[in-house]
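Now for the letters of each chain:
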Amino acid sequence: MGSTDFLPPGAAPDWTIPQEWASYTGEEHEMWDRLFARQAEMLPTRVVPAFMEGLDVLRMSKPGIPDFEELNERLHRATGWQIVAVPGLVPDEIFFEHLANRRFVAGRFIRPAEQLDYLQEPDIFHDVLGHVPLLVHPVFADYMQAYGQGGLRAAKLGMIEALARLYWYTVEFGLVRDGDDLKLYGAGIVSSYGESLFALDDPSPNRIGFDLERVMRSRYRIDDYQQSYFVIESFEDLLRQTRDVDLGPIYERVRELEPIEVGALLPTDRVFHAGTQGYARANGVTS
Ligand code: HBI
Ligand code: FE
């Protein structure tokens with residue numbers, strides 16, 4: 001992704017910066033409220049219940065951009081996690097190191113009004129509304145830490161790309177089964193008005209049962225709605241399939257096999273929904 005490896009001026013060696021909550025403007029707080037109101041209306045019926053519980057425990061419906069100090073008091077009490085501010089994307093190993101130590105890095109800036117629905121660099125709304133509520137869930141909290149620890153090991157093995165795909169298809173764009181229903185949990189979805197609808201309701205994307213090796217081989221797109229989503233059974237099951245296994249043999253196969261194209265379905269996939277890919281085709285995608 002677009003991060004530079006040069007420490008930005010004013011950042012500590014671990015790339016953190018002060019949030020400087022007092023310096024947000026009235027317009028910036030209003031922007032947060034506007035984004036929050038939109039998601040708060042649609043999420044209750046769509047998102048995994050643990051997300052709503054996290055919002056509640058963290059008192060996140062309080063108006064305005066959250067003050068990390070205040071959020072951290074409640075978050076730390078719940079699961080030992082903390083939020084730290086960073087200038088933008090940070091290098092992979094810095095990112096993994098923070099997660100491995102139960103620190104979630106969040107942008108301090110908020111998107112301008114012209115980019116209400118779409119931006120590539122994660123802002124504070126994506127990072128905090130999207131990622132932080134689930135850090136209150138003890139099992140998801142452990143998954144995030146395990147991801148950071150796995151990332152540090154993967155970096156030494158040259159397997160960062162496989163790990164990035166795992167992050168993408170779980171932490172950012174994951175779905176979870178809820179009986180005969182599917183629910184949202186990925187931060188990239190829950191922080192996006194359009195994708196919160198698309199990921200669950202649209203006939204276009206595939207919805208495929210989570211399989212670690214399959215996910216680690218699957219390319220993804222960063223410029224539009226996903227063409228495939230992967231469905232976990234539960235956070236417990238996700239943790240079991242990732243932290244509690246020897247990734248060595250999986251990495252071996254991922255290294256040897258070709259990547260799987262965006263939007264592809266395989267005969268071995270456990271298919272919840274075979275997507276029409278109508279949206280992707282209408283928006284100029286070729287696969
Ligand atoms: N930096 N601030 C920030 N946020 C991210 O989500 C992030 C990052 N650096 C690297 C990264 N994500 C991913 O590429 C890793 O999962 C591999
Ligand atoms: Fe994110």
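Residues numbered from 1 in each chain as written. Chains lettered and ligands numbered in written order. Predicted model: local features only at pLDDT ≥ 70, side-chain atom pairs only at ≥ 80, totals over all residues. Heavy atoms only, no water.

Engineer: What am I meant to see in the site of ligand 1 here?
Structural biologist: Around ligand 1 lies a shell formed by Val86, Gly88, Leu89, Val90, Asp92, Phe95, Phe96, Val105, Tyr147, Ala164 and Tyr167. Here a nitrogen atom of ligand 1 sits 3.0 Å away from a polar atom, N or O, in the main chain of Gly88. Interatomic distance of 2.7 Å between a backbone N/O atom of Val90 and a nitrogen atom of ligand 1. Contact with the protein chains covers 92% of the free accessible surface of ligand 1, which is 400 Å². The set of elements that each furnish at least two residues to the shell around ligand 1 consists of helix 4 (92-100) and helix 7 (160-172). Taken together, the residues that form the shell around ligand 1 break down as nine nonpolar, one polar and one charged. (Near = heavy atom within 4 Å. Polar contact = N/O pair within 3.5 Å; in protein donor to acceptor, adjacent residues only side chain to side chain. Areas by Shrake-Rupley, 256 points an atom, 1.4 Å probe, with all protein chains shown as cover. Helix = DSSP H or I, 4+ residues; strand = E, 2+ residues; numbered from the N terminus. Nonpolar A, V, L, I, M, F, W, Y, C, P; charged D, E, K, R; others polar.)

Engineer: Would you mind showing me how to read the coordination of the iron ion (ligand 2) here?
Structural biologist: Tetrahedral coordination by four donors places them ideally at 109.5 degrees to one another around the metal; octahedral coordination by six donors ideally gives 90 or 180 degrees. For the iron ion (ligand 2), the full set of protein donor atoms is His126 (NE2), His131 (NE2), Glu172 (OE) and Glu172 (OE), and the range of their distances to it is 2.0 to 2.7 Å. Each of the four donor atoms around the iron ion (ligand 2) contributes to a set of angles spanning 52 to 135°, which defines the coordination as irregular. Taken in sequence order, the residues that donate to the iron ion (ligand 2) follow the motif H-x4-H-x40-E. (Donors = N, O, S within 2.8 Å, 3.2 Å for Na, K, Ca; no water. Tetrahedral: all angles 85-135°; square planar, octahedral: opposite > 155°, others 65-115°.)

Engineer: For this particular structure, what's the right way to read the pairing of strand 2 (residues 103-107)?
Structural biologist: Regular strands have side chains that alternate between both faces of the sheet. Across the five residues of strand 2, four count as buried, placing the element largely inside the fold. In this sheet, strand 2 lies alongside strand 1 (residues 82-86) in parallel orientation, the contact comprising five bridges. Counterpart to Ile83 in the pairing with strand 2 is Phe104. Tracing the backbone out of strand 1, into helix 4 and back to the parallel element strand 2 gives a crossover that is right-handed. (Buried < 20%, exposed > 50% of the residue type's maximum accessible area, 1.4 Å probe, protein only. Pairing = 2+ DSSP bridges. Right-handed = clockwise from strand over helix to strand, strands pointing away.)

Engineer: How should the packing of helix 6 (residues 138-157) against helix 11 (residues 235-242) be read in this particular structure?
Structural biologist: Geometrically, a packed helix pair is captured by the angle between its two axes and the distance between the axes. Put simply, helix 6 and helix 11 touch, their axes get as near as 9 Å, and they point 25° apart. In terms of orientation, helix 6 lies roughly parallel with respect to helix 11. When you trace helix 6 past helix 11, the crossing you get is left-handed. Side by side, helix 6 and helix 11 meet where Val139, Phe140, Asp142, Tyr143 and Ala146 of the first sit next to Phe235, Glu236, Leu238, Leu239 and Thr242 of the second. Here the contact of helix 6 with helix 11 is built from residues that sort into seven nonpolar, one polar and two charged. (Axes fitted to C-alpha atoms, helices over the stretch in contact; angles between N-to-C directions. Parallel < 35°, antiparallel > 145°, perpendicular 65-115°, else oblique. Left-handed = near helix turned anticlockwise from the far one by under 90°. Contact = heavy atoms within 4.5 Å.)

Engineer: Looking at this structure, how should I read a negative patch on the surface?
Structural biologist: Together, Asp5, Asp92, Glu93 and Glu97 make up a negatively charged patch on the protein surface. Following the sequence through the fold, Asp92 ends up in helix 4. (Patch = residues over 30% accessible without salt bridge, like charges linked within 9 Å, V, L, I, M, F, W, Y side chains within 5 Å. Salt bridge = Lys/Arg side-chain N within 4 Å of Asp/Glu carboxyl O. Lys, Arg positive; Asp, Glu negative; His and termini not counted. Charge placed at Lys NZ, Arg CZ, Asp CG, Glu CD.)

Engineer: Sorry, what's going on with the pattern of salt bridges here?
Structural biologist: Pairing between side chains of opposite charge can happen when the charged atoms of each approach one another. Overall, the coordinates contain 15 salt bridges when judged by the stated rule. One salt bridge connects Glu233 with Arg177, and the closest N-O pair in it is separated by 2.7 Å. Here Glu233 is found in the loop between strand 6 (228-232) and helix 11, whereas its partner Arg177 is found in strand 3 (residues 175-178), with 56 residues between them in sequence. Given the relative accessible area of 28%, Glu233 is considered partly exposed. The class of Arg177 is partly exposed, set by a relative accessible area of 34%. For Glu213, the salt bridge identified is with Arg253, shortest N-O distance 2.6 Å. One end of the pair, Glu213, is in helix 10 (residues 212-216); the other, Arg253, is in helix 12 (residues 248-256), with 40 residues separating them in the sequence.

Engineer: Explanation requested: the sheet that holds strand 3 in the structure shown.
Structural biologist: The strand order across the open sheet built from five strands is 4-3-6-5-7, with neighbouring strands paired in mixed fashion. Strand pairing shows two members of the sheet lacking a second neighbour, strand 4 (181-184) and strand 7 (271-273), which therefore form its edges. Direction aside, neighbouring strands of the sheet carry axes that sit 35° apart on average. Packed onto the sheet, helix 9 (residues 193-201) meets strand 3, strand 4, strand 5 (206-209) and strand 6 and runs at close to 155° relative to strand 4.

Engineer: What is the right way to read the pairing of strand 5 from this model?
Structural biologist: Here strand 5 shows a buried face lined by Asn206 and Ile208 and a second buried face lined by Arg207 and Gly209. Bridging between strand 5 and strand 6 involves four bridges; their strand directions are parallel. Across the sheet, the residue bridging to Ile208 is Phe230, located in strand 6. The pairing of strand 5 with strand 7 spans two bridges and is classified as antiparallel. Of the residues in strand 7, the one forming a bridge with Arg207 is His273.

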